[in-house]
Amino acid sequence: MKDILERLEEKRAEAKLGGGQRRIDAQHAKGKLTARERIDLLLDEESFEELDTFVVHRCHDFDMEKNKVAGDGVVTGSGTINGRLVYVYAQDFTVFGGSLSATHAQKILKVMDMALKNRVPVIGLSDSGGARIQEGVAALGGYADIFQQNVLASGVIPQISVIMGPCAGGAVYSPAITDFIFMVKNTSYMFVTGPDVVKTVTNEIVSQEELGGAVTHTSKSGVADKAFDNDVECLAQIRRFFDFLPLHNREKAPQRPTFDYDERIEQSLDTIIPSNPNKPYDMREVILKLIDEGDFFEMQPDYAANIITGFARMDGETVGIVANQPMVLAGCLDINSSKKAARFVRFCDAFSIPLITLVDVPGFLPGTAQEYGGIIKHGAKLLFAYGEATVPKITIITRKAYGGAYDVMASKHLRGDLNYAWPTAEIAVMGAKGAVEILYRKDKGDPELLAEHSEKYEDKFANPFVAAEHGFLDEVILPRNSRKRIIRGLRMLANKDLQNPWKKHDNIPL
Ligand code: HXC
């Protein structure tokens, strides 16, 4: 018996070495941690339950039968993050470059399947050279099986992808289907075709980092949600992020104790809106003043910054925040911001996270670039997402709510539950200048008369009271009371039960 136990320990120790010390050192030299080191940092101490430690590949081509490594390039299992269960897989770059074989795929599929059956999120740590070249179509099939499982799990359990090394070719599509993608700066990249193929086909010369590095995907393409400086920071932030999420779509996110007073009055909000309506202010500052302890996990901070999205807590309960940012493009909605916010709203709705929307929007961004790019379809995504959402929706208009953008931003008409406005709100079809130019075209040559018309228009519309008279606003509130109002609102809406008509699925304008 003792021999058998010793043999088990020996085999485990061997498996833990993965591709061997030389390759582990090479991994460290690149500033990257190994798969097991990453899992140790991601999960609570001693909580990891590994599965399939001894799985090896079944390939016989290219002399592969002589080269088998226990685990086959991916470490899989479950563990806890701050006491809550999560399934994980981490690709081990030290074993065949973390490449995906048929058995490697089966290991990933096993944890995905268990996660879906047990209604627990999955976190995948990717670091892989892609399909295992020696296995050919068996590896491609493995990817497709993972994609299918990603699709089935979508909207049932949160799926989080963390790119911590290469992720190229069709391999990028599993992360793309998941809910969130995080990357590590300078050591991770994602692209469908690498720099060499790009050069051959298009003659463009581009580095890996430029083509698909973390900065590219968090600021240009919007494929990734956030980038971190290194593995350690990344994993620590994912632990923080995980705490905002429910385990599955029939459970609420965890309530966390807070030292922040629920009825806190925030006097400084009364003076945050500049007297000049064309002067910007930082909507992020408004958010930080409203939420518990200023703890805001912003998503896509460097992409489409004219809209802010992120998770926070109000009186300990997770909320999703969507807010126009007047500091960027005057807070206009455009293609990228509509897509960014629509996807965020849909995640929150799928996982029962109430939505708080802060509105200061002068309209949709005009121009040929937007029209040719399909702003009509993309803007409709956000409208659709808010319109179908059945979670509690609380909206505060802080300043401008003009035109179609007024409707889109969680208005009363899109089943907003509580629609508030600050006294500084201006709700109209458009700003005074544009309106007067159209309504009084005949007075074009008379600036004095135009100024008079403009003043009258502002008197009539540059306030929240017309909308309040229609009941499109539930109340005009003092800015300083906003936190108190939101928290009371969330309590009022805690048992909200709203169902959309039965359908196989909707047909959101993709
Ligand atoms: C088998 C692989 C491999 C792969 C890397 N390795 N990629 N083995 N299949 N796809 C092995 C290498 O042979 C090497 O083994 C070890 O992993 C480390 O690789 P290096 O090249 O030494 O590392 P590095 O210089 O850091 O370069 C990493 C890399 C490069 C950029 C990822 O390895 C590379 O270009 N690999 C091929 C990538 C690729 O084209 N994959 C197919 C993508 S298409 P030793 O024994 O020396 O340590 C795809 C289709 C998916 O994946 C379709 C889904 C539908």
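Look up: the structure comes first, before these words.
These figures come from a predicted structure and were not determined experimentally. (Residues numbered from 1 in each chain as written. Predicted model: local features only at pLDDT ≥ 70, side-chain atom pairs only at ≥ 80, totals over all residues. Heavy atoms only, no water.)

Caption draft 1: A look at the state of the cysteines. What the rule picks out here adds up to zero disulfides. With no disulfide of its own, Cys-234 lies closest to Cys-167 among cysteine sulfurs, the gap being 14 Å. (Disulfide = S-S within 2.5 Å.)

Caption draft 2: Representation of the sheet that holds strand 7 (residues 180-184) in the model. With mixed pairing, the seven strands of this open sheet are ordered in space as 1-2-3-4-5-7-9. Where the open sheet ends on each side, the last strands, each with one partner, are strand 1 (49-51) and strand 9 (226-228). Sheet twist, expressed as the average angle between the axes of neighbouring strands with direction ignored, equals 20°. (Pairing = 2+ DSSP bridges. Helix = DSSP H or I, 4+ residues; strand = E, 2+ residues; numbered from the N terminus. Axes fitted to C-alpha atoms, helices over the stretch in contact; angles between N-to-C directions.)

Caption draft 3: Spotlight on the packing of aromatic side chains. A complete count under the given rule lists 16 aromatic pairs for this structure. An angle of 80° between the planes, with centres 6.1 Å apart, marks the rings of Phe-180 and Phe-311 as edge-to-face. You can see Phe-180 sitting in strand 7 and its partner Phe-311 sitting in strand 11 (residues 307-314), a full 131 residues away along the chain. Exposure remark for Phe-311: the relative accessible area of 0% places this residue in the buried category. The residue whose ring lies beneath Lys-32 is Phe-93, and the NZ or CZ to ring-centre distance is 4.5 Å. The residue whose ring lies beneath Arg-485 is Tyr-420, and the NZ or CZ to ring-centre distance is 5.7 Å. (Phe/Tyr/Trp six-rings, centres within 6.5 Å; stacked < 30°, edge-to-face > 60°. Buried < 20%, exposed > 50% of the residue type's maximum accessible area, 1.4 Å probe, protein only. Lys NZ or Arg CZ within 6 Å of the ring centre and 35° of its normal.)

Caption draft 4: Summary view of the site of the ligand. What surrounds the ligand is a group of 20 residues, the closest being Arg-23, Gly-97, Gly-129, Ala-131 and Ile-133. Ile-133 places a main-chain nitrogen or oxygen 3.1 Å from a nitrogen atom of the ligand. Protein contacts shield 55% of the accessible area of the ligand, which totals 1000 Å² for the unbound molecule. Every element with two or more residues in the shell around the ligand is listed here: helix 5 (137-153) and strand 6 (166-168). Among the elements that take part in the shell around the ligand, helix 5 stands out by supplying three residues, more than any other. (Near = heavy atom within 4 Å. Polar contact = N/O pair within 3.5 Å; in protein donor to acceptor, adjacent residues only side chain to side chain. Areas by Shrake-Rupley, 256 points an atom, 1.4 Å probe, with all protein chains shown as cover.)

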